[in-house]
Structures are given as C-alpha cells and as structure tokens.
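# Overview (structure and organization)
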Amino acid sequence: MPEGDTLRRLADRIDGRFAGERVERSVMRDPRLAGVDLAGTRLVGADAYGKHLFVRFDDDRSLHAHLLMTGGFDVGPVSRAADWKRRVELWLETGRLTGVEVPILGVLPTSEEHLVTDRLGPDLCDPAGPPDVDAIVARLVAEPDAPLTAALLDQRHAAGFGNIYVNDVPFVTGVSPFQPVGSIHGLGDLVAVGIALIRTNADRGPQN
C-alpha cells in the first residue's frame, strides 16, 4: 500500500541507485507528459513528502508522482509490465526507472514543488526528524466533529497516513475510528503512536 513510509523508501531507493546519473533516453506514454523529454539531463536525486514523490533533474525540472492505490515504480531492472502500463520510462547509466500505472503524474519546475506541498500538513516521514505532535493535534482539533479515521486521512493535518494507518492506529490505541477527534482524551499520545509506526516502517520496511 503506497503510503508515506512506502514513498519515503521509494525515494531513497531511487536516490541511492541513480543520483548523479545521466538520462540516456526517456519515453513518456501518458498524454499529460506529451512532448516531455528528459534525455540528456542528470538525475539529481529523489525525495518524498507525504504520499508525493519528486524525482529531480539538473535542469530545474521534477517528475512529480502520486501513486494512489495502484501505482508503482520499478527501480533498476527492466520492468516486466506491459508497455502500455509503463507511463514513464527512463534509461539511466546503470539501469532503468519505470513508472507503472501511476495515476497522477506530471513535470513541474523543481523550484515550484512547494505548490504541491504547501497545502499539506507536516511530513510524517521527514528524514530530518519526527514532526511536532502538538502541531498535528492543533490541526486535527480545528475540526473537532470529524471522525478520527477521516481526520487522520486528511492530508492537510498530517502528510503520509493512508488506509492502513488510519485503521490500525485506532485499533492499536483502543479508540473508536468513528469517535470525534475533539472528544478524544490523549489525542497527542495517539498521534505519537501513529508517527512511531509509520517512521519505523519507513526505516525498516516493509509495512508490518
């Protein structure tokens, strides 16, 4: 399930495998990328924010992807997916990067990535360290009548929780997923448990 921990691990894999390599050929099979050619650029690195992936190139362009429920990237070997499922395919010096059935895909200036992330809450898997629990709680209780599961799933509150975590965290903490967030005592502790779970999976993987 591509949630924040999955995207963080994917970004790290792309970064570790291809950072600094030149794109020798690029093929786009998505109408939203018609006319885009990344051949000749150098892949600077990859990063994730919540469920969003950014693959950056040295000409101030970033490939932006959101995997939703079904998308994925094959990193290194030639993808076994049918050609029509390979929405973007990059030949690099030591392997291939292929976006398979990626539902949200685009290219934007690297300097404008913030236009995607500004509307999101803190990144739960930020490599710089865990987000501020109190800041997330303040965002959650701003809509006190929202059910817990819906509030956790809202990426404006915290970026990275998906269906797995918004169901598992209430179960682990013994709180009804339907309870309004404004009525939950110890909401900060619940959020801290969720942060610990997703960051542990991002560090160790896979989701467990």
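Residues numbered from 1 in each chain as written. Predicted model: local features only at pLDDT ≥ 70, side-chain atom pairs only at ≥ 80, totals over all residues. Heavy atoms only, no water.

## With respect to the layout of surface pockets
The criterion, for reference: We place a 1 Å grid over just the protein atoms. Points where a 1.4 Å probe fits but has no way out form a cavity, open points with protein on both sides within 12 Å along at least 5 of 7 lines form a pocket, and any residue with an atom within 4 Å of a point lines it. Grid points are joined across faces, edges and corners, and a volume is the space filled by probe spheres set on the points. The classification used treats Ala, Val, Leu, Ile, Met, Phe, Trp, Tyr, Cys and Pro as nonpolar, Asp, Glu, Lys and Arg as charged, and all other residues, Gly among them, as polar.
A volume near 220 Å³ is recorded for the largest pocket. Around the largest pocket, the lining comprises 17 residues; the ones closest to its centre are P2, K51, H66, L68 and Q155. Considered class by class, the residues forming the lining of the largest pocket number eight nonpolar, six polar and three charged.

## Notes on unusual backbone geometry
The following threshold applies: Relative accessible area decides the class of each residue, using a 1.4 Å probe on protein chains only: under 20% of the type maximum gives buried, over 50% gives exposed, and in between gives partly exposed. Only DSSP runs of H or I covering at least 4 residues are called helices, and only runs of E covering at least 2 are called strands; the numbering of each starts at the N terminus.
Positive phi, close to 65 degrees, is recorded for D60, a residue that is not glycine. The class for D60 is partly exposed, based on a relative accessible area of 37%. For E101, which is not glycine, the phi dihedral falls at a positive 50 degrees. Position of E101 relative to the elements: it lies in the loop between β7 (95–100) and β8 (104–109). Among the residues examined, E101 registers a relative accessible area of 28% and is labelled partly exposed.

## Thoughts on the side chain of D5
Formally: When charges are counted, Lys and Arg contribute as positive and Asp and Glu as negative, whereas His and the chain ends are disregarded. We define a salt bridge as a contact between a side-chain nitrogen of Lys or Arg and a carboxyl oxygen of Asp or Glu at a distance within 4 Å. Only heavy atoms matter for contacts: two residues are in contact if any of them lie within 4.5 Å across the pair.
Note on placement: D5 falls in helix α1 (residues 4–18). Here D5 is buried and forms no salt bridge, its nearest opposite-charge partner R9 lying at an N-O distance of 7.2 Å. Excluding its chain neighbours within four sequence positions, the residues that come into contact with D5 are C125, Y165, I198, N201, A202 and Q207.

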